[in-house]
Amino acid sequence: MSQNYALVGLVLLPLVGSALVFALGEAQAKLAKQLTLLVSLAAAVYAIVLCFEFDTGSGASRFQFSASWNWIRAFGVHIAFGVDGIALVLVTMAVVLVPAVVLASWTSFDSRSGSEEGPTPYGRRRSVKNYFALLLLLEFFMIGVFTATDVFLFYVFFEAMLVPMYFIIGSFGGPRRQYAAMKFFLYSLVGGLLMLASVIGLFVTTGSRSFALTDLIGKVPDGATQKWLFLGFFIAFAIKAPLIPFHTWLPDAGAEAPAGGAALLVGVLDKVGTFGFLRYCLPLFPAASRYFAPTILILSVIGILYAGFLAIGQRDMKRLVAYTSVAHFGFIGLGIFAFTTQGGTGAVLYMVNHGLSTGALFLVVGLLIARGKSRNVDDYGGAAKVTPILAGLFLLAGLSALALPGMSTFISEFLVLVGTFTRHKGLAVLATTGIVLAAIYVLYLYQRTFQGVMSERVAKFRDVNVREILAVAPLIALIIGLGFYPKPVLDIINPAVKATLTDVHQTDPAPKLGTAHGGTK
Amino acid sequence: VSPLLLADGAQTINAPSVSYHALTPIFIVLGAALLGVLAEGLLPRSERYAAQLVISIGGLVAAGIAVGLLHGTNESTISNALAVDGAGLFLQGTIIVLALMSVLLVAERSVDVVSPIVASAAVVVGSPADRELSRSSRIQTEIFPLLLFAVSGMLIFPISNNLILMFVALEVLSLPLYLMAGLSRRRRLQSQEAALKYFLLGAFASAFFLYGIALLYGYANSVDLDVILNASRTSNKPSVLLYLGLALLLVGVLFKAGIAPFHSWTPDVYQGSPTPVTAFMASCTKVAAFGAILRVLYVGFNTTAWNWRPIIWAVAIASMAVGAIFGLTQTDLKRILAYSSIAHAGFILVGVVALTKDGISSVLFYLLTYGFSTLAAFGVLTLVRDANGEATHLSQWSGLGRKSPTVALVMTVLLMSMAGIPLTAGFVGKFAVFRAAYHVAAPLVVMALVFSAIAAFYYLRIVVLMFFAEPPENGPTIAIPGWSTSVALTFGVLVTVVLGIVPQPILDLASKAGKLVG
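What you see is a predicted model, and the numbers here were worked out from it, not measured in a lab. (Residues numbered from 1 in each chain as written. Chains lettered and ligands numbered in written order. Predicted model: local features only at pLDDT ≥ 70, side-chain atom pairs only at ≥ 80, totals over all residues. Heavy atoms only, no water.)

Student: Break down the overall build of chain A for me, with residues and values.
Tutor: Helix and strand counts for chain A stand at 21 helices and two strands. Viewed in the frame of its principal axes, chain A has a C-alpha envelope of about 65 × 60 × 40 Å. The burial tally for chain A puts 65% of its 521 residues in the buried class. Within chain A, residue pairs in contact and separated by at least 24 positions form 82% of the contacts whose partners lie at least 6 positions apart. When the 37 basic and 25 acidic side-chain charges of chain A are each reduced to a single mean position, those positions are 3 Å apart. (Helix = DSSP H or I, 4+ residues; strand = E, 2+ residues; numbered from the N terminus. Buried < 20%, exposed > 50% of the residue type's maximum accessible area, 1.4 Å probe, protein only. Contact = heavy atoms within 4.5 Å. Lys, Arg positive; Asp, Glu negative; His and termini not counted. Charge placed at Lys NZ, Arg CZ, Asp CG, Glu CD.)

Student: For the side chain of B:T275, give the residues involved together with the corresponding values.
Tutor: The topology assignment puts B:T275 in helix α12 (residues 275–300). Judged by its relative accessible area of 2%, B:T275 falls in the buried class.

Student: Tell me what's going on with the sheet that holds strand β3 (residues 384–386) of chain B, and back it up with residues and numbers.
Tutor: Residues and elements named next belong to chain B. Read from one edge to the other, the open sheet built from three strands follows the order β4-β3-β5, with strand pairing classed as antiparallel. Two strands bound the open sheet, and with one partner strand each, they are β4 (389–390) and β5 (477–478). In this structure, β3 lies alongside β4, joined through two bridges in antiparallel fashion. By the bridge assignment for β4, D386 is matched with G389. (Pairing = 2+ DSSP bridges.)

Student: If you had to explain the interface of chain A and chain B to someone new, which residues and values would you point to?
Tutor: With 37 residues of chain A in contact, the opposing surface of chain B contributes 33 residues. Among the residues of chain A in contact with chain B, A:F75, A:L193 and A:I200 are the three that bury the most area, contributing 17% of the side total. Summed over the shared surface of chain A and chain B, the result is one salt bridge. For the pair chain A and chain B, the number of links is four residue pairs in polar contact (both at pLDDT 80 or more). Broken down by secondary-structure element, the contributors of at least two residues to the side of chain A that touches chain B are β1 (64–72), α5 (151–160), α6 (162–172) and α7 (177–206) of chain A. (Buried area = accessible area lost by both parts, 1.4 Å probe. Salt bridge = Lys/Arg side-chain N within 4 Å of Asp/Glu carboxyl O. Polar contact = N/O pair within 3.5 Å; in protein donor to acceptor, adjacent residues only side chain to side chain.)

Student: Can you lay out the packing of helix α7 (residues 163–181) of chain B against helix α8 (residues 188–220) of chain B for me, pointing to particular residues and giving the numbers?
Tutor: Residues and elements named next belong to chain B. In the contact formed by α7 and α8, the axes pass within 9 Å of each other and the chain directions differ by 175 degrees. Comparing their axes, α8 and α7 come out roughly antiparallel. Facing L163, I164, M166, F167, L170, E171, L177, Y178 and A181 of α7, the residues of α8 in contact are S191, A195, Y198, F199, G202, A203, S206, F209, L210, I213 and L216. Considering only residue class, the contact of α7 with α8 consists of 16 nonpolar, three polar and one charged. (Axes fitted to C-alpha atoms, helices over the stretch in contact; angles between N-to-C directions. Parallel < 35°, antiparallel > 145°, perpendicular 65-115°, else oblique. Nonpolar A, V, L, I, M, F, W, Y, C, P; charged D, E, K, R; others polar.)

Student: Account for the pairing of β1(A), with residues named and values stated.
Tutor: All names here are of chain A. Of the strand pairs in this sheet, β1 and strand β2 (residues 77–83) are connected by six bridges, and their pairing is antiparallel. Paired with S68 across the two strands is A80, which belongs to β2. Where β1 folds back on β2, the antiparallel hairpin that results is connected by four residues, among which G76 adopts a positive phi of roughly 65 degrees.

Student: Requested: an account of the nonpolar core, with residues and values cited.
Tutor: Across soluble globular proteins, you tend to see nonpolar side chains buried next to one another. Counting 403 residues, the largest nonpolar core has A:F154, A:F211, A:F233, A:F337, B:F157, B:F280 and B:F290 as its most contacted members. No other element matches the 28 residues that helix α18 (residues 425–468) of chain B contributes to this core. In contact with A:F154, other than residues within four places in its own chain, are A:V145, A:A148, A:M195, A:F237, A:V272, A:F275 and A:Y280. (Core = buried A, V, L, I, M, F, W, Y, C linked by side-chain atoms within 4.5 Å.)

Student: Hey, could you go over the layout of surface pockets for me, with residue numbers and the actual values?
Tutor: The space that makes up the largest pocket amounts to roughly 1,500 Å³. Lining the largest pocket we find 45 residues, and of these A:F22, A:L137, A:V163, A:F167 and B:L409 sit closest to its centre. Class assignment for the residues of the lining of the largest pocket results in 32 nonpolar, seven polar and six charged. (1 Å grid on protein atoms, 1.4 Å probe; cavity = no way out; pocket = protein on both sides within 12 Å on 5 of 7 lines; lining within 4 Å. Points joined across faces, edges and corners; volume = space filled by probe spheres on them.)

Student: Can you break down the environment of B:I293 residue by residue, with the values?
Tutor: Residue and element names in this part refer to chain B. Mapped onto the elements, I293 comes out in helix α12. With relative accessibility at 0%, the residue I293 sits in the buried group. Spatially, the C-alpha atoms of I293 and E40 are 35 Å apart, while their sequence positions differ by 253 residues. Once residues lying within four places of it in the same chain are set aside, the contact partners of I293 are V253, L254, A257, I259 and V352.

Student: I'd like a description of empty space enclosed by the protein, backed by residues and values.
Tutor: Residues and elements named next belong to chain B. Applying the stated criterion to the full structure yields six cavities of 30 Å³ or more. Computed from the structure, the largest cavity encloses a volume of approximately 60 Å³. Lining of the largest cavity is provided by Y49, V106, A107, E108, R109, S115, I117, I139, Q140, T141, I143 and F144. Of the residues contributing to the lining of the largest cavity, the split by class is seven nonpolar, three polar and two charged.

Student: Explain helix α21 (residues 487–503) of chain A to me, using residue names and the numbers behind them.
Tutor: Residue and element names in this part refer to chain A. With 17 residues, α21 extends 24 Å between its outermost C-alpha atoms, agreeing within 8% with the 24 Å of an ideal straight helix rising 1.5 Å per residue. Bending of α21 peaks at approximately 30 degrees at the position of I493, with proline P495 no more than four residues after it. With its phi angle positive at about 60 degrees, H505 sits one or two positions after the end of α21. (Expected span 1.5 Å × (residues − 1). Bend = angle between axes of the 7 residues up to and from the residue.)

Student: Can you break down the pattern of salt bridges residue by residue, with the values?
Tutor: Residues and elements named next belong to chain A. Under the counting rule described, the total for this entry stands at 21 salt bridges over all chains. Put simply, R371 and E468 hold a salt bridge, and the shortest N to O gap is 2.9 Å. Linking R371 in helix α15 (residues 341–372) with E468 in helix α20 (residues 466–484), this pair joins segments that are 97 residues apart in sequence. With a relative accessible area of 4%, E468 lands in the buried category.

Student: Can you lay out the packing of aromatic side chains for me, pointing to particular residues and giving the numbers?
Tutor: Residue and element names in this part refer to chain A. Evaluation of the coordinates by the stated rule reveals 60 aromatic pairs over all chains. Between the aromatic rings of F230 and F234, the centroid separation amounts to 5.6 Å while the plane-to-plane angle is 10 degrees, which identifies the pairing as stacked. With a gap of four residues between them, F230 and F234 both fall in helix α9 (residues 224–240), about one helical turn apart. Of the two residues, F230 and F234, both sit in the buried class. Consider the rings of F233 and F237, whose centres lie 6.1 Å apart with planes at 50 degrees: the pair is tilted. With a gap of four residues between them, F233 and F237 both fall in helix α9, about one helical turn apart. According to the relative accessible area criterion, F233 is buried, its value standing at 0%. One Lys or Arg, K227, reaches over the ring of Y291 and ends 3.9 Å from the middle of that ring. (Phe/Tyr/Trp six-rings, centres within 6.5 Å; stacked < 30°, edge-to-face > 60°. Lys NZ or Arg CZ within 6 Å of the ring centre and 35° of its normal.)

By themselves, these observations are geometric and do not establish any function.
Take a look at the structure:
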């Protein structure tokens, strides 16, 4: 088997970068930042080049840039990497987000303050280089988790990813960071262990001596076993995604993590859950996926509405954004388990867009919090007068979150709703009301912070500087660009979604032309 | 008496042939122990420490090499009483390496006043002599030969196919341990309590073990495991003798392995013993005891698995539950690690249930990974100190990551391994064991995973404290370890990380070793 090293290079790049940054001294914080930025930009360019190299032709193989080595022969485990269209766009989204996060948190830990929100009772200096080294380590695991084509290797990345995020929340987060870090870790670990049970079960029931994904697809016998194995994977991913009712860790973790960490947590890490549905649950357990789909669809719709209402009621800005994400994951779940090409493609595009838009929203909220030293909405008001550019960026990021036409999020939301409508009309109609809720929570947030009577706290704000604009503007530009011309991304996604639906033995329902008149069937 | 008759008599006694060559590791360790006793008596006090160190380390290294040379041997000797087979050699090798690391921890001289071991264990606690003792820099070195005697017992214990021999090995390994538990330099009262408690309960366990042997002899007319196995197929005696005998036998070994419901001594004894001795008990004793459990169940009771498997299930669940749940309520690190070892014993039993070749090799691998992480974790405990010796209360560890990032990082790696996070040895061990057991005991595996999640909470709590909490006023200091502790800790952490990333060679070794000669 010929090995393609292109992808391996992308995987290893941040790992090497992380090791270098860790090795730096505490006094070389500036160098650490520059090195991190350089590595993350290089990775972003690298991934974009890979996107252009990716063969989207009809005869192209599903997994490209593949490379595989034996790792643990006793368990049939490989170090195997490869991407299909879904993984590729998600990897690209992740590595594009990282430089933005690096730029946005450039000075977050320079002061002697306890956190971004100002001094804690034990204000102390955080290790700046450790933060950036952890970011790169996290980037390594994120790329690994999307590109692994061996179930065991995926599991390893899935679990190991927790460790850097745990330290980012626990060491650099807000006042309740210990609680949030612990809750985040335990929730994910419980899910991970259930998945481990299924991974072992997969190995035993298929009788396959290999964990390579392609060796396992279609091997799991239908029946009760498949349902149990499906549930193991599903719960792990549902916690990660997070889907109602497994979501309660996200508002805590999202609120306590530093803004940059939160952007990656919600923007990328949570996508691993929805990515896992598509990559593992559907192809490995087709019958069980069909069996559980109605339940999951209903949970998704509940999530859209419930989290939307909760978001409206939040006073903590970061919690608010976290809840909007729970609502958005409902849409993604809907798109995936509707089993239509439009729904699936929409869901994947949604993941990319949501990563960019929520990432941008978290970063902008972080910029505001860094100025006001408070997460509480009530402490702000009328900020648009002193910080017009920040207000503009905030509004654009917010509008992308509510899926305004012209933004790429609109296209994905539309595709998901159309894809759902062809199969489940009632659910699609209910989900559509989620758009109204989104408009309320975004605009209400904007109104309370940037419009109205200017609060004392806000009067001394300075507007964004060039670095901060450079962090957020490219993300917003990308959202708008893809909003008008999504074709290149859709071209990459489409074949992979079709292949996934074939694995789950589903094809799009044929257009039923006569049904309105009580048609044939 | 005619010469003819003499010859006849000689034939009927029939001295068993001994394969000395296959038993060299045991002879070397026993020889080193005896040499240590001689050195203790003959050498002047000032030279004993160095001499004992040379004898212990030299003896263990030589024994380790002997085990390596025996690699591939599969024979039973002394009329099938001892089986030198793959599993036996793997266990012996593991015990020897772990014992070597324990010796290094015991030999530490720069952390405490001179040594973690008291010079005179019999002095009444609280007496003027006792106060004098705590300040004196006198050291005694009997602990080295004691440790070697215990190791020799541990080397015989898992390779005995004869229950009487197994009992002798059990006593040879236990008696020195009872003494060693009472040798702590600090907290004398607690240490003496630990020794007494261990001795009394251990004596009970030994009695159960013996009673079990007696019942099995009544059933099979033999104390050889292979004869008992045959008898269980053919004998027409009441099988209650067989099962009661097995049950009592198991009480004895489960006690030694610290498995619930025979675990109650573990937290107290682990806490009271000198920490290097605790490290030795938690790693080597457990390996040896599990070796014996494997041998008894796989060689002697292979065909009666239907009858004992539910019991092992129950015991495994109890052990995991006790270890995971009670561990949550502990505030002392030594006790937390004690409960962690109880939980791990439950996980290992999950592998024992498999009753396949995979089951054996996964248990062997798990024991190895567990031994190294646990031993090194206890080693780390010796470094965090305040005026009263080791600072093992949880609150004293808060903010450790800021005072000594290296120590905190080492501890984190070890705790992550115990919690079973991927890329550490502990994860590979758990995976191997659960995979082996899945096809016969899927519900048990799922329960084991749930308990892993619960136990992960207290490992993480320590990590949280070390890195995210603020250090207390007048918190403990971090001692700079001497060369011996440094070597032991480095090795333990290296093994934990390397086996997490490239486990294949050792997995191969364990898989080849998955053989028990009946």
